[in-house]
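Geometric and topological summary
Spelled out from the first residue to the last, the chains are:
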Amino acid sequence: MSNYKLVTIQPKFIAETVARTGSEELMDKATRSYVGLYDENTNWYIPLRANLGKKKPEGAFFETPFDTKNRHFVRPGLDFQKAIYVPIESVIEIDNTLPREQNILINERHDQIQSDFEKYVIEIEKYPSNSRDYLWSTVPLFPEGVEKIKRNIVKNVQPNHEKKRLEEIVKDFHEHGGELVNPEYINIDRMGAEYQEAYKRYKEQYPQEEIASIARRLGEMTGEEVSIEEMTQIREKIEKRKSENNRISTPAQVEKQDKSYTTAENKSVKGGRITDEMKKQAKNTSILDFATFYGIPLKKNSSDEYELVDHPKVKFSVRKNIFKDYDPASDAGGDVIDFAQYIDGIGFKQAINKIIAVDGSGSLKTNYEVQPFVMPGIFEEGNQLNKILPYLVNERKLDVSTIKNLAQSGLIKQTRNGEVAFIWADGNKDTGMTLQGTKPFSYETKTFEVKDDDGQIQTGWTLSRKGGKEFLAHGVADSKELALQESKNIQDNQRQYKKQIWSNSTTGHGFNFRSGQPEAEKGVMIFCESSIDLISYYDLHKHQFGKDTNVNYQSVEGVKDNILISSIERYEKRYSRLPDELVLAVDDDKGGKAFIEKIQGIKKTYGIKQIDDWGSKILKVDLKNATNGDGFIEKLEQLSDPESSKNPIIRDYRVINQIATLTFSSPNSKVAFEKLLNPPMKIQECLDKGTKIKIDPPFEGKDWNDAKKLSQHQTRRNVNKSNQVVPLPKKK
C-alpha cells in the first residue's frame, strides 16, 4: 500500500527542470499541492487542481468531487497530464488539510487512481510526439520515472504472490487481536478493495480461525469470555440482519427481529468502551471546532452565532456551546454530542469517538452561566421618537397612535443610532429586547480578473456590506456581467435591515403587550412572528375586541414554540386561568404552516383518525377518513427527504389502499415522530379545558405587515394623510 501524502515541490527543482527541458508545461505555482501515491523509490507526484477544465483527454485525470460552496472548485481532481517525477530531497511534505470527502475518496480509491495513472503513463508514449495532448503533458519529460512505472507494472503482475501476501496480512491482523505484529503490514485500514477481497478469501479459507480471533477480541473488550459457538451465532444473526428486507409486514416479525439481535447489540455496546473520561472529553469540545474539523460549511451570523450553510435553520452558540434546529418540524437541539448525532445521523458511541478525534477536543472551558438581562444604555434621552417614526409609519405603515402608546408604556424606544428597540416585558420587569434597524444595509460588489488552471481569464467577485470586515459571498464567473448577476442574486436574499436579539435576553420571552381589562370575562392570546407583525395585527383588529375581552399580544420571535408555551404558562400564573382562545397569526408560508402543525399536532392538522403501532420501527396510518390525506403524504415526503431535513426521521414509507406504512431508522426516530402527532402537553391541557385554537393567516400578503400595508393603501389612500410622518429637518 502506498504512502498517500500531500506535498509541495521546491521551486528550485521546477526551475532546474524548465532549464533542462525547455518545457513551459510545468506548473510553477509555488503553493501547488501534489499527491504522492508511491514510495520514495517511485516518487511520482500528481497535482491537485480546483478545476480540471473541459479539454482534458480521456484517461488523463481522476476527478475528486466533494460538497462545497466554494466556486473555485468547479471540477476538482488529480491531473495526470501535469504529473512530475521528483527526487525526494526536492519534496516538502505538508499537513493534509484536504476537505474530508476528498481525502476519504483519495484514500479509498488509491489503487484505482494508481492504476489509472500507470495506464496513462504507458499510453502517452503512443501519442504522436507533435500532438497537443503529448506536448501538453509533463510525463514524457521524465523518462527515468516512466521506466520506474513500467518496472512496477511488471513487478505487480504476480497475482498469486500478491493474493497470498494480502491473506497473510489479514491472518496476522486477526490472530493478534486487531494489531499487526509484522512491521511490513502497515496501513491495514487503507487497503481498500484488495484488502476486502483478501479478507473474504481468508474467511473462506480459515473460517474457524477468523471466528476464533473475533471471539477472543470481543471477549477482551467486554471482559466476558465469548465462545466460538456464541460468536458464530452472533455472526449469523448479523449477516442475516444485513440481508433481510427491512419492509416487515406483521407485528410478530418486528418483535421477532428485535429480540433476535439483543445479544449482538448488547455485546456491541459493551465493546464500545465509552468511558466517563471519554464522555467528559467529548462534552468539553467546541461545536465550532467539531464543525471546522469535519469540513461542515458554516456562515457566521455574529460573534456568538453560526449557522450551517446547507441547513440555515440549524444554528449554534459559540459561548453556550449548544445548537438548535429552528425548523418547526424539528425538536433537535443540545450539546456537541447531540450535534454530532444529529448532523451525521449516528449513535451515541460513534458520536463520542468522532468528537474525541477532533484536534483540541476536551479543551473547552465550560464556565458558561446564564446571565440576567441588563438593559443597555444605548437610548436617546427624553424618550424621543424622531428618528424611528418615519420608518415605522412611512415605511411599515403602522399607526402613529399605536407607536406613541407603546412608547409611553416603555415598550418601544429609540437608540442613539436611530434603531427601534422593542422591549420584552414580564409585568414591570424587562426581560429582553429586539433591535430593528431603520436604514437598509448598503452592499458592495468588487470584481477582479483571475486565471484558471488552464490560463483562461475569468472574473472573480466578492460581496460584502459597506464597512463590514467579512465577505458575505464570493465566487468566479465567466464574465463580469455574470459575476455581477451572481452577486446580485445573493444580495437579494440577504436581510435588508438589521435585526438583533440583545444578548442575555430571557429564553421563552419576546415582545408583548395587552389590551382590554385584566378581569374581563374572555381571555384571548394572539401570536405573531415578529414585533412589527404583532403591531400590524393589532392595528387591523383592535376594533374587534371590546372591553369585555382581555387580549394578550405575543411575538414568538420567529417561530419559537417555546415562547408560545412559556407565555401561556405566564398567562395562567397571572390570571389563575387558561385563555379561552389561542390565535395563531403567523406568516402564510412554509415556516408558519409548519409552526401551526407543530402546535396542533399532525393528527389534528391532517384529520387523521387511526394510527396502529406495529413494533419498534413501524407505524401504519389509515388515510381513508383523513380530511387531508394528500397533505399528510406530502408531510411524509418531507420527513423522509434528506434535502428537507438534516436527519430524516422516516427511513421509508409506502401507501397501499390508503394505508400508509411508515418505517423508521430507529426506535428513537419513531418516538420523535409520535411526539409530532399530538399537541405539546400545555396545548393539550388548554384543549382539554375548553380553549379554542384559531388559525388566522394574513390576507393577500406573506405576513401581517404586508397585509397592513395593503389595507392602508386600499382604504386610506385619500383619507388618513395625518398618519404620514415627515422627517424633521437637519439642524444647520
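Quick summary incoming for the structure in this document.

Here is what the cut-offs are and how they apply
- Residues numbered from 1 in each chain as written.
- Predicted model: local features only at pLDDT ≥ 70, side-chain atom pairs only at ≥ 80, totals over all residues.
- Heavy atoms only, no water.
- Helix = DSSP H or I, 4+ residues; strand = E, 2+ residues; numbered from the N terminus.
- Buried < 20%, exposed > 50% of the residue type's maximum accessible area, 1.4 Å probe, protein only.
- Contact = heavy atoms within 4.5 Å.
- Areas by Shrake-Rupley, 256 points an atom, 1.4 Å probe, with all protein chains shown as cover.
- Salt bridge = Lys/Arg side-chain N within 4 Å of Asp/Glu carboxyl O.
- Pairing = 2+ DSSP bridges.
- Axes fitted to C-alpha atoms, helices over the stretch in contact; angles between N-to-C directions.
- Phe/Tyr/Trp six-rings, centres within 6.5 Å; stacked < 30°, edge-to-face > 60°.
- Lys NZ or Arg CZ within 6 Å of the ring centre and 35° of its normal.

A look at the overall build of the protein chain
Within the protein chain one finds 26 helices and 28 strands. When each of the 732 residues of the protein chain is scored for burial, the buried share is 44%. The contacts in the protein chain between residues at least 6 apart in sequence include a share of 65% that link residues at least 24 apart. Carbon and sulfur atoms form 47% of the exposed surface of the protein chain, whose accessible area is close to 39,500 Å².

Digging into the pattern of salt bridges
Pairs can form between side chains of opposite charge once their charged atoms are near each other. Enumeration over the complete set of coordinates arrives at 20 salt bridges. Between E63 and R75 there is a salt bridge whose closest N-O contact spans 3.3 Å. Linking E63 in strand β4 (residues 61-63) with R75 in the loop between β4 and β5 (77-79), this pair joins segments that are twelve residues apart in sequence. We classify R75 as partly exposed; its relative accessible area is 22%. A salt bridge links K279 to D276; the nearest nitrogen and oxygen atoms lie 4.0 Å apart. Separated by three residues within a single helix, K279 and D276 lie in helix α12 (residues 276-283), roughly one turn from each other. Among the charged side chains, a network of salt bridges with common partners joins E572, K682, E685 and K689.

A closer look at the environment of L582
Relative to the elements of secondary structure, L582 occurs in strand β23 (residues 581-584). Separated by 58 residues in the primary sequence, L582 and V524 have C-alpha atoms spaced 6.1 Å apart. When neighbours within four sequence positions are excluded, L582 is seen to be in contact with M525, F527, I568, I683, T691, K692, I693 and K694.

Brief notes about the sheet that holds strand β21 (residues 522-528)
Read from one edge of the open sheet, five strands run β20-β22-β21-β23-β28, paired in mixed fashion. Only two strands of the sheet have a single partner each, and these edge strands are β20 (512-515) and β28 (692-695). On average, each strand axis in the sheet is inclined to that of its neighbour by 20 degrees, with strand direction left out of account. Summarising the sheet, β20 and strand β22 (residues 549-555) pair through four bridges and their orientation is antiparallel. Paired with F513 across the bridge in β22 is Y553. Across the face of the sheet, helix α19 (residues 531-541) comes into contact with β20, β21, β22 and β23 while running at roughly 155 degrees to β22.

Let's talk about the side chain of D587
Looking at where D587 falls in the secondary structure, it is placed in the loop between β23 and α21 (590-600). If we ignore the near neighbours within four places in the chain, the residues touching D587 are E529, D533, G592, K593, P698, K702 and D703.

Structural notes on the packing of aromatic side chains
By convention here, two paired aromatic rings are described through the distance between centres and the angle between planes. Under the defined criterion, the tally for this structure stands at 25 aromatic pairs. For the pair F513 and Y553, a centre-to-centre distance of 4.9 Å together with 15 degrees between the ring planes defines the contact as stacked. Residue F513 is located in strand β20, and its partner Y553 is located in strand β22; the two are separated by 40 residues in the primary sequence. Overall, the relative accessible area of 1% leaves Y553 in the buried class. Among the aromatic residues, those joined into a ring-pair cluster are F290, F293, Y294, Y306, F316, F323, F339 and Y342. The lysine or arginine in question, R75, covers the ring of F61, its NZ or CZ lying 4.7 Å from the ring centre. A cation over an aromatic ring shows up here: K354 above the ring of Y294, its NZ or CZ 4.4 Å from the ring centre.

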